[in-house]
Amino acid sequence: MTFLVGNGGGFSGDRVDAPIPVVRSLVARGLPAAMFFETLGERTVALAQLERRRDPELGYEPMLERLLEPILADCFRARIPILGNFGAANPPAAARLVARLALRLGLPELKIAVIGGDDVMGSIALDQLPVHEADGSIDIKSARLVAANAYIGAEPLVEALRLGADVVVAGRTSDPALAIAPLVHHFGWSFDDWEKLAVGAACGHLLECGSQVTGGVFWDPGFKDIPDPANIGFPIAEVTAEGGLVITKPEDTGGIVDLRTIKEQLLYELHDPSHYITPDVVLDISRCHVEQVGKDRVAIHGLGGRPRPDTLKVTASFEGSWLGEGEVSVAGPNALARARATADVLLRRLEMRQLGVRARVDLIGIASVLVSDVGALWRGYEGPEPPEVRIRLAAEGADRDMVDQAAREVLAMLCCGTAGTGGARWRLTPRILTRSYLVLRERVPTTVSVRSAREMA
Amino acid sequence: MSEVEVPLHAVAHARAGDKGNRSNISLIPYDAALYPLLAKQVTEARVLALFAHRGATRCTRYDLPLLQAFNFVIDDVLEGGVNGSLNLDGHGKTQSFRLLSLTVTVPRELLPA
């Protein structure tokens, strides 16, 4: 029997109406199914921790109610559990929000699980842990710790489902674990059946970024067109007990599932394709191949799995420096010369005032994202005269006031700048530094508690 | 057989992801017949040179012949990544199209219509 896994969100900030057609499709197909949301980027949990410091009832995914309200009753009635790392830095508060929502929707018997244990800020001394991957060069001397969370695996999520949870509220989990858990629970796969867990990990990896496997960040007009990009359907995986895996999407939506979208997402954020480490299994896609088995249906074959590592990844976030940014526009005849002159004067002003910040200037429309801090690509630009250019200054430093002063130099160009300078914007934001460590998994005990909405609210 | 020099964008697609100061960019030809040609022409050295202005120190290419795809892993290319970069795109998602601007020489009949 086939089990369906639907994804309703690939990051905090994704389209909030995305889950609706996915759930409609799962319910219509009538097969056993689960929904998951992946809303917790590397530094999202640190930002959430700062929110929680400000208000103890905050610190979870801010769009949580908006995401769940249209689907919660349908999922509950169809016995489709919802899993998510939308608890962020405060899973208990997120669970209370879900409980209040459930009562409002007339679902007092809805069972909500809270997963704990990923937050290791108070329990593990980071300075005694080995540093993960290429993070050794990050300078964290004297930096203040904001959050430290372990990427936990699927086991506590499976326990929550076994206890009858309709909604599983987690903080930091590995992204694939959110898909592995309902599969392990439904099919009774063993936690040392590496080939099956590899299928679950691949399912989670392909779905975890939502529309990225169904046409999002894929469409390239005239080269890679997709139907109805304003209405991209989020992905659904069809998984069999034997480990068959097909990726598809709801019928009444835009977007596309073909070999090209699958290949792009399979390799997304992967380094060695034979060695994709998750807390539950090491996934090997080096012998994998893909097959179009119908319209918007692709099968993935040849997945390999090896035993899980003894360690978990812990990502710690620290208070970083301040980032100041300012932008102004120029347009029309001689725009490029005015933009270059503006850039030079801004850098000269920072030097004159000795603000002690690291800075760069971009000419948006000529060269910005592809250029380095030196700006060689826009300095050497010899192409046609652009109709408009937006000039951006970015400055960074430890002293908030100095960085703010640097950003305000852009504002001053409204009066002191070249002819026809307009559209100033400037802002100041605190930066978060992250660094990852490895910790033995037995040092990260997890907890699971399940209560009904009635008991919780 | 006539050959033509084109940007990779004419014959392949790509996606970039990040981990810290390391970027990975997939490269996938539209036509499987182009896979060996790209394997020959889109070398680690050429890709490293393409990103030298951003401080890249190393480029490793993983070949996936069954998927007909390549995965380029480029170290130290993100100016510190989201942690420290002053770039508007600290994740380097737009860098996939820098890779697609690299030129290759291909038989004219393998160009998409």
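Above: the structure in question.
How each quantity is defined
Residues numbered from 1 in each chain as written. Chains lettered and ligands numbered in written order. Predicted model: local features only at pLDDT ≥ 70, side-chain atom pairs only at ≥ 80, totals over all residues. Helix = DSSP H or I, 4+ residues; strand = E, 2+ residues; numbered from the N terminus. Rg over C-alpha atoms; globule rule 2.2 N^0.38 Å. Buried ≥ 20, exposed ≤ 12 C-beta atoms within 10 Å, placed from the backbone. Contact = placed C-beta atoms within 7 Å. Pairing = 2+ DSSP bridges. Axes fitted to C-alpha atoms, helices over the stretch in contact; angles between N-to-C directions. Nonpolar A, V, L, I, M, F, W, Y, C, P; charged D, E, K, R; others polar.

**Some thoughts on the overall build of chain A**
Regarding its fold elements, chain A presents 13 helices and 18 strands. A compact globule built from 457 residues would reach a C-alpha radius of gyration of about 23 Å, and chain A, at 24 Å, matches this within 12%. Structurally, chain A occupies a C-alpha span of about 70 × 50 × 45 Å along its principal axes. Relative to its 457 residues, chain A shows a buried fraction of 53%.

**Considerations on the overall build of chain B**
Across its full length, chain B carries four helices and six strands. Going from the N terminus to the C terminus, chain B shows its helices and strands as β-β-β-α-α-β-β-α-α-β. A globule of 113 residues ought to have a C-alpha radius of gyration of about 13 Å, and chain B, at 14 Å, matches this closely. Along the first, second and third principal axes, the C-alpha atoms of chain B reach 50 × 25 × 20 Å. The 113 residues of chain B split such that 47% are buried. The long-range fraction of contacts in chain B, counting pairs at least 24 apart against all pairs at least 6 apart in sequence, stands at 65%.

**What to know about the sheet that holds strand E13 (residues 304-306) of chain A**
Residues and elements named next belong to chain A. The antiparallel open sheet is built from three strands, whose spatial order is E9-E10-E13. What marks the edges here is a single partner per strand, and that holds for strand E9 (276-277) and E13. As paired strands, strand E10 (residues 282-284) and E13 are joined by three bridges and run antiparallel to one another. Bridged to Asp-284 within E13 is Gly-304. Against the sheet, helix H8 (residues 194-207) touches E10 and E13, its axis set at about 115° to E13.

**Looking at helix H9 (residues 259-266) of chain A**
Most of H9 of chain A is tucked away: six of the eight residues are buried. If you check which residues of H9 of chain A are buried, you get Thr-261, Ile-262, Lys-263, Glu-264, Gln-265 and Leu-266 of chain A.

**Some remarks on the interface of chain A and chain B**
Contact residues are listed per partner, giving 37 residues for chain A and 30 residues for chain B. Contributions of two or more residues to the side of chain A that touches chain B are made by H9, strand E11 (289-294), strand E15 (358-364), strand E16 (388-397) and strand E17 (422-440) of chain A. Taken together, the residues of the side of chain A that touches chain B break down into 14 nonpolar, seven polar and 16 charged.

**Thoughts on the environment of His-275 of chain A**
Residue and element names in this part refer to chain A. Tracing the backbone shows His-275 in the loop between H9 and E9. In this structure, the C-alpha to C-alpha distance between His-275 and Pro-333, residues 58 residues apart in sequence, is 54 Å. Sequence-distant contacts of His-275, defined by excluding residues within four places in its chain, comprise Val-282 and Asp-284.

**A few points about unusual backbone geometry**
Leave glycine aside and you will find that most residues have negative phi; peptide bonds, for their part, are mostly trans. Residue and element names in this part refer to chain A. Positive phi, normally seen in glycine, also occurs at Asp-228, with a value near 45°. Among the secondary structure elements, Asp-228 is positioned in the loop between H8 and strand E7 (236-239). Taking the number of C-beta atoms within 10 Å as the measure of exposure, Asp-228 has 12 and is therefore exposed.

**Details of the sheet that holds strand E5 (residues 69-75) of chain B**
What the four strands build is an open sheet, ordered E2-E3-E5-E4 (chain B); its pairing is antiparallel. A single partner strand is all that each edge strand has here, and the edge strands are strand E2 (12-19) and strand E4 (58-64) of chain B. Here the average twist between neighbouring strands, direction ignored, is 20°. Packing of H9 of chain A onto the sheet brings it into contact with E2, strand E3 (22-29) and E5 of chain B, and relative to E3 of chain B it is tilted by some 160°.

Fair warning: the whole summary comes from geometry, so function is off the table for now.
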